[in-house]
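# Descriptive structure summary
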Amino acid sequence: MKNAISWFEIPVKDYERAKTFYSSVTGSEIVDHPMENYKYGLFSYDMKNGGVGGALIQGEGINPSVDGAIIYLNGGEDLQVSLSKVESNGGKIVMPKTDIGENGFMAHFLDTEGNKIALHSMN
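As the structure is a computational prediction, the values presented were derived from the model and not from experiment.

Looking now at the sheet that holds strand β5 (residues 71-74). Hydrogen bonds along the backbone pair up the strands of a sheet, which may run parallel or antiparallel. Strand order in the open sheet formed by 4 strands is β5-β8-β7-β6, and the pairing between neighbours is mixed. With partners counted over all chains shown, the strands left at the sheet margins are β5 and β6 (92-99), one partner each. Each strand axis lies, on average, 25° off the axis of its neighbour in the sheet, ignoring direction. Bridging between strand β7 (residues 105-110) and strand β8 (residues 116-121) involves 6 bridges; their strand directions are antiparallel. For F105, the partnering residue across the bridge sits in β8 and is S121.

Judged by nonpolar contacts, the single largest core of 19 residues is most densely connected at I10, Y22, F43, L56 and F109. For this core, the secondary structure elements donating two or more residues are β1 (7-11), α1 (15-26), α2 (79-83), β7 and β8. For this core, the leading source of residues is α1, giving 5 residues. Among residues more than four places away in sequence, those in contact with I10 are Y22, F43, A55, L56, I57, I71, D111, N115 and I117.

It is worth spelling out the side chain of S28 at this point. As for its position among the elements, S28 is in the loop between α1 and β2 (30-32). Within the local environment of S28, its side chain forms a polar contact with the side chain of S44, the two groups lying 2.8 Å apart. In this structure, S28 is in contact with S23, F43 and S44, ignoring residues within four places of it in sequence.

This brings us to the layout of surface pockets. Considered as a void within the structure, the largest pocket measures approximately 540 Å³ in volume. The wall of the largest pocket is formed by 16 residues, among which F8, V52, Y72, L73 and N74 lie closest to the centre. Elements with a minimum of two residues in the lining of the largest pocket: β1, β5 and β8. When residues in the lining of the largest pocket are grouped by element, the largest group, 4 residues, is from β5. Classifying every residue of the lining of the largest pocket by side-chain character gives 9 nonpolar, 7 polar and no charged.

Strand order in the open sheet made by the 4 strands is β1-β4-β3-β2, with mixed pairing throughout. Each having just a single partner strand, β1 and β2 make up the two edges of the open sheet. Direction aside, neighbouring strands of the sheet carry axes that sit 30° apart on average. Here strand β3 (residues 39-43) runs beside strand β4 (residues 53-58); their pairing, made up of 4 bridges, is antiparallel. Across the sheet, the residue bridging to Y40 is I57, located in β4. Sheet strands touched by α1: β1, β2, β3 and β4. Its angle to β2, the strand with the most contacts, is close to 150°.

Rules and cut-offs
- Residues numbered from 1 in each chain as written.
- Predicted model: local features only at pLDDT ≥ 70, side-chain atom pairs only at ≥ 80, totals over all residues.
- Heavy atoms only, no water.
- Pairing = 2+ DSSP bridges.
- Helix = DSSP H or I, 4+ residues; strand = E, 2+ residues; numbered from the N terminus.
- Axes fitted to C-alpha atoms, helices over the stretch in contact; angles between N-to-C directions.
- Core = buried A, V, L, I, M, F, W, Y, C linked by side-chain atoms within 4.5 Å.
- Buried < 20%, exposed > 50% of the residue type's maximum accessible area, 1.4 Å probe, protein only.
- Contact = heavy atoms within 4.5 Å.
- Polar contact = N/O pair within 3.5 Å; in protein donor to acceptor, adjacent residues only side chain to side chain.
- 1 Å grid on protein atoms, 1.4 Å probe; cavity = no way out; pocket = protein on both sides within 12 Å on 5 of 7 lines; lining within 4 Å.
- Points joined across faces, edges and corners; volume = space filled by probe spheres on them.
- Nonpolar A, V, L, I, M, F, W, Y, C, P; charged D, E, K, R; others polar.

In structure tokens:
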């Protein structure tokens, strides 16, 4: 097994608001991929080389939460760059950039939809 995670979905209540938020924070284009009964948008990822991908999803029974598993998004070269865009785009930082020793850095935030999400980088 190359990666412990193969795919993730972030539940949202307002797809367009979440798409704007995540596009700004991650610097990644989110491509609409409508599905029956769902609004769905794909984060960019390297599928050909086994990259882990994910999406935003809105639909009946899809509920954002601060409880449960926490998804760590790639914070790039320095997660502070992405983290600095969280609050100006409607989110809230709940754990600032934190040194985790040889494993780099992490930070947690609440997105515009009410999910607790994290960032990770080596710097």
